Amino acid sequence: MQTQLKEKLWTFIVHNNPELMFNLQEDYSVTNYLDSKVKDIMPLAEQLLSENRPVYVVEELCLEQMTEELKPSRYHYLLSILEEEFTADYERLRESGTLTYEVVNLIAYCKDIFDGYGFNAANEEDRQLRYTVIGQVHEYLS
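Residues numbered from 1 in each chain as written. Predicted model: local features only at pLDDT ≥ 70, side-chain atom pairs only at ≥ 80, totals over all residues. Heavy atoms only, no water.

(A) Examining the domain arrangement of the protein chain more closely. The domain architecture assigned to the protein chain consists of domain 1 (1–70) and domain 2 (74–141). Using C-alpha coordinates to define each centre, domain 1 is positioned 26 Å away from domain 2. Domain 1 puts 5 residues into the contact, and the matching count from domain 2 is 5 residues. For the pair domain 1 and domain 2, the two sides together bury roughly 470 Å², of which 69% comes from carbon and sulfur. Along the contact surface separating domain 1 from domain 2 lie 0 salt bridges. Here domain 1 and domain 2 share 2 residue pairs in polar contact (both at pLDDT 80 or more) between them. Elements that contribute at least two residues to the side of domain 1 that touches domain 2 include exactly helix 1 (2–16) and helix 2 (18–26). In terms of residue count, helix 2 provides more of the side of domain 1 that touches domain 2 than any other element does, 3 residues in total. A per-class count over the side of domain 1 that touches domain 2 returns 2 nonpolar, 2 polar and 1 charged. (Domains from an automatic or database assignment. Contact = heavy atoms within 4.5 Å. Buried area = accessible area lost by both parts, 1.4 Å probe. Salt bridge = Lys/Arg side-chain N within 4 Å of Asp/Glu carboxyl O. Polar contact = N/O pair within 3.5 Å; in protein donor to acceptor, adjacent residues only side chain to side chain. Helix = DSSP H or I, 4+ residues; strand = E, 2+ residues; numbered from the N terminus. Nonpolar A, V, L, I, M, F, W, Y, C, P; charged D, E, K, R; others polar.)

Next up, the structure:
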């Protein structure tokens, strides 16, 4: 089960938090990060298994718990802004193969805004946050 949880967590990170993926790879700490997260969740997994919950349910509940702090995805938030508000730039970056790289750069460029708003699921739809981020993206692309 631990191997499955690590694989599911890594897949989640790759698709939703590539900035974390790059940072973990740069620091050579992927294995340590995954091991730590899975070790922390194992008491819950063991409890759920002792309640005779199906393995796939246990894995999904554990994955949900392990990824809670990684949501909402700043990557997907910025990707959608690029696609909706900066269509030509989005297409240019996608076609050149640099879209993921540039969105990861944008995450760092917009970090103070996200942190200032305490970016979370409750304010993900905040119009002021969106307009502020759009302004920052415009500045980045200019």
